[in-house]
Amino acid sequence: MSEFKFIENGSVTSVPGFKACGVTCGLKKSGNPDMALVFAEKPANFAGVFTSCVFAAAPVRICQKKVRSSEKAQAFIINSGNANACTGASGLANAEKMCDMTAGKLNIDPESVLVASTGRIGVQMPMDIIEKGINLAVANLASDGGNQAAQAIMTTDTVPKACAVSVEIAGKTVTIGAICKGVGMIDPQMTTAPHATMICCITTDAVCSNALLEKLVSENADNSFNRITVDGDMSTNDTCVIFANGNSGVVLEENSADTAKFQAALLALMQNLAHKQVMDGEGATKFVAIEVDGAPDKESAKRLAEAVANSLLCKTAWFGCDPNWGRIIAALGYAGVKFDPDKVDVFYDDKIVVAKGGDAGTPEAELAEILKNREFTVKVHLNQGNGEYWVWTSDVSYEYVKINAEYHT
C-alpha cells in the first residue's frame, strides 16, 4: 500500500503558504489566459532542472544562474504565447526585466524571482503587454489559484495539467503540489544547472536544503519527464523548478527514511504529470509504454527504447492500429547497439509478436485488437544481458501534422 495519496483537484496551491493565479494579458491571439504567477508567502528553498539544448532560452539561462547564486526564491512568473528564445541580449534583458517587474509589484528581492516562457521561438517580448500581465497577476493571486495558473501556461495543450499528493512523515502531513504544461516539442533531457516545451512548477511544505532538493528533483526527472517523448524534439525552454517553504516542519535529510518516503511521493506526482503530457500529446490517440530488458547494459536499453519510441513509422502504425512489427525490429536494428537479433522477443502487452527474431505466428487480428486500446505496452526482451529501460510515448496522427503546420503562437 502506498504511503501517499493524491489530492482531488490538487495543484501548487494545495500546499499551505503558496498562492497562484492565471490571467489574460494579450500575448495569445486567441484571447486565452497567458500569464501565470506562483508565489511563496515567505522565502523558500528551491532548485531546478533545465533543458540541455544548446539554444537554451533566455528565461532558462536566468533561472540556471539563480539556482547557483540565490539562497531562496519566492516567485515564479510564467508566460505562454512567446518563448523568448533565440532573442539575443534583448531577450536576456527582457527576462531579467520580468523578474524585476514581478519583484517590484510583490515588494521582494528580484533575485528571488524565477521566470519561464513558452510559445513561439525568435520573437522579442512585447514588454508593455508583459507589464500589464504582471500587474494583473499580482492583483489576482489567490490561495486556490493553482488550477488557473495551470490553464495560463498552456500552448497547444488541450487540458490543464496539475496534481498534488500528501504523505505522512514523522507523524505530520507533508504536501507536494504541481502544475505542468507540454504536449509537443516533447523529448526532455533536463539536467541540473551546471551541466511547445515542458514547464513544471512544484511546491512543497517540507524543510529541505537547495542541494537536496536538486538531487531529489534531478533523480526523479530521470524517471519521469526525461522518460517521455511525443515527437523526439527537445525544447529550448524545458524547465522544472521546486519550491520548499518548510511550513510542515518536517525536515528532510540526505539518505534518511523520511526523505526516501518524500522522494517516492514526489516521483508519483512527477510521473502522473509526465503521463498526462503524453496522453495529451498533440493529436495523440495512443499512450504507448516501451519496455526493453535483457540488453547488454542500461545505456543500450535506453538507446533501443528511444529508437522505437521516436520512430515515425512505428508511431504512424500505432495510430492506424497496424501491428507492423517489422518497423519495431528495424528501429531496434538501427539504434547503434550490438546484439544478437536471433535472441530477440517482442510483445504487444501479453501477446508475443516476435519470437527469436522472427514472426511468432500470433494472428494479426489479435494484435490489432490490442492496438485499438488507448494504452498498451511494447515489450522487447533481448535475452542477452541485464540492461533495462522504459520510455513513454504516443502515436502520430493527422492532427499532429495539422497542429504543427498551423502553429504560429
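Residues numbered from 1 in each chain as written. Predicted model: local features only at pLDDT ≥ 70, side-chain atom pairs only at ≥ 80, totals over all residues. Heavy atoms only, no water.

## Topic: unusual backbone geometry
So, point 1. Non-glycine residue Cys86 carries a positive phi angle of around 60°.
So, point 2. Considering the arrangement of structural elements, one finds Cys86 in the loop between strand 4 (73–80) and helix 2 (88–106).
So, point 3. Residue class for Cys86 comes out partly exposed when judged on its relative accessible area of 46%. (Helix = DSSP H or I, 4+ residues; strand = E, 2+ residues; numbered from the N terminus. Buried < 20%, exposed > 50% of the residue type's maximum accessible area, 1.4 Å probe, protein only.)

## Overview of helix 8 (residues 312–319)
So, point 1. For helix 8, the complete set of buried residues consists of Cys314, Lys315, Ala317 and Trp318. Considered in projection along helix 8, the buried side chains sweep an arc of 160° and stay on one side of the axis. Across helix 8 from its buried face, at more than 90 degrees, point the exposed residues Leu312 and Leu313.
So, point 2. Phi for Cys321, located one or two positions after helix 8, is positive at around 55°. (Arc of directions from axis to C-beta.)

## Some thoughts on the side chain of Ser70
So, point 1. Mapped onto the elements of the fold, Ser70 is located in the loop between helix 1 (58–69) and strand 4.
So, point 2. Within the local environment of Ser70, its side chain forms a polar contact with the backbone oxygen of Glu111, the two atoms lying 2.9 Å apart.
So, point 3. Sequence-distant contacts of Ser70, defined by excluding residues within four places in its chain, comprise Phe46, Glu111 and Asn210. (Polar contact = N/O pair within 3.5 Å; in protein donor to acceptor, adjacent residues only side chain to side chain. Contact = heavy atoms within 4.5 Å.)

## Comments concerning helix 2
So, point 1. Its 19 residues place the ends of helix 2 28 Å apart at the C-alpha level, agreeing with the 27 Å of an ideal helix rising 1.5 Å per residue.
So, point 2. Along helix 2, the residues classified as buried are Gly91, Asn94, Ala95, Met98, Cys99, Met101, Thr102, Ala103 and Leu106.
So, point 3. Along its buried surface, helix 2 packs onto strand 3 (35–50), helix 1, strand 4, strand 5 (113–118) and helix 3 (127–139). (Expected span 1.5 Å × (residues − 1).)

## Concerning the sheet that holds strand 15 (residues 358–359)
So, point 1. Strand order in the open sheet formed by seven strands is 10-17-12-16-13-14-15, with mixed pairing between adjacent strands. Of all the strands in the sheet, just strand 10 (228–229) and strand 15 have a single pairing partner and so form its edges.
So, point 2. Contacts from helix 7 (residues 298–309) reach strand 10, strand 12 (287–295) and strand 17 (387–394), with the element oriented near 20° to strand 17.
So, point 3. Each of strand 13 (345–348), strand 14 (351–355), strand 15 and strand 16 (375–381) is contacted by helix 9 (residues 325–333), which is oriented at about 55° to strand 14, the strand it contacts most. (Pairing = 2+ DSSP bridges. Axes fitted to C-alpha atoms, helices over the stretch in contact; angles between N-to-C directions.)

## Let's talk about the packing of aromatic side chains
Within a pair of aromatic rings, the relevant descriptors are the distance that separates the centres and the angle that separates the planes.
So, point 1. This structure, assessed with the given rule, holds seven aromatic pairs.
So, point 2. Taking 5.0 Å as the distance between ring centres and 85° as the angle between the ring planes, the aromatic pair formed by Phe319 and Tyr398 counts as edge-to-face. With Phe319 in helix 8 and Tyr398 in helix 11 (residues 398–406), this pair connects stretches of sequence that are 79 residues apart.
So, point 3. Judged by its relative accessible area of 69%, Tyr398 falls in the exposed class.
So, point 4. Ring geometry for Tyr348 against Phe376: centres 6.0 Å apart, planes inclined by 80°, an arrangement best described as edge-to-face. Of the two residues, Tyr348 is situated in strand 13 and Phe376 in strand 16; the sequence distance between them amounts to 28 residues. (Phe/Tyr/Trp six-rings, centres within 6.5 Å; stacked < 30°, edge-to-face > 60°.)

## Some remarks on the pattern of salt bridges
So, point 1. One pass over the structure, following the stated rule, counts ten salt bridges.
So, point 2. A salt bridge links Glu306 to Lys302; the shortest N-O distance between them is 3.2 Å. With Glu306 and Lys302 both in helix 7 and four residues apart, the pair spans about one turn of that helix.
So, point 3. The exposure class of Glu306 is buried, given its relative accessible area of 19%.
So, point 4. Here Lys351 makes a salt bridge to Glu366, at a shortest N to O gap of 3.0 Å. Here the residue Lys351 occupies a position in strand 14, and Glu366 occupies one in helix 10 (residues 364–371), the gap between them amounting to 15 residues.
So, point 5. The structure contains a network of salt bridges with shared partners spanning Asp157, Lys161 and Asp280. (Salt bridge = Lys/Arg side-chain N within 4 Å of Asp/Glu carboxyl O.)

## With respect to the environment of Ile329
So, point 1. Tracing the backbone shows Ile329 in helix 9.
So, point 2. Residue classification places Ile329 among the partly exposed residues on the basis of a relative accessible area of 30%.
So, point 3. Spatially, the C-alpha atoms of Ile329 and Gly357 are 8.2 Å apart, while their sequence positions differ by 28 residues.

## Let's talk about the packing of helix 1 against helix 2
So, point 1. Between helix 1 and helix 2, the shortest axis-to-axis distance is 8 Å and the interhelical angle comes to 60°. When the axes of helix 1 and helix 2 are compared, the pair comes out oblique. Like other packed secondary-structure pairs, helix 1 and helix 2 cross with a definite hand, here right-handed. Facing Ala58, Pro59, Arg61, Ile62, Lys65 and Lys66 of helix 1, the residues of helix 2 in contact are Gly91, Leu92, Ala95, Glu96 and Cys99. (Parallel < 35°, antiparallel > 145°, perpendicular 65-115°, else oblique. Left-handed = near helix turned anticlockwise from the far one by under 90°.)

## Focus: the pairing of strand 11 (residues 239–244)
So, point 1. Among the six residues that make up strand 11, six are buried, leaving the element largely enclosed by the rest of the structure.
So, point 2. Of the two faces of strand 11, the one lined by Thr239, Val241 and Phe243 and the one lined by Cys240, Ile242 and Ala244 are each fully buried.
So, point 3. Note: strand 3 against strand 11, six bridges, orientation antiparallel. By the bridge assignment, Phe50 is partnered in strand 11 with Thr239.
So, point 4. For strand 9 (residues 199–204) and strand 11, the ladder comprises six bridges, and the chain directions are parallel.

## What to know about the nonpolar core
So, point 1. Counting residues in hydrophobic clusters, the biggest one holds 56 residues, and the most contacted among them are Leu37, Phe76, Ile130, Ile179 and Phe243.
So, point 2. Look past the residues within four positions of Phe76 in its chain and what remains in contact with it is Ala36, Leu37, Val38, Leu114, Val115, Ala116, Cys200, Cys201, Thr239, Val241 and Phe243.
So, point 3. The next biggest cluster of nonpolar side chains, apart from the first, holds 38 residues, and it includes Leu212, Leu216, Phe225 and Cys240. (Core = buried A, V, L, I, M, F, W, Y, C linked by side-chain atoms within 4.5 Å.)

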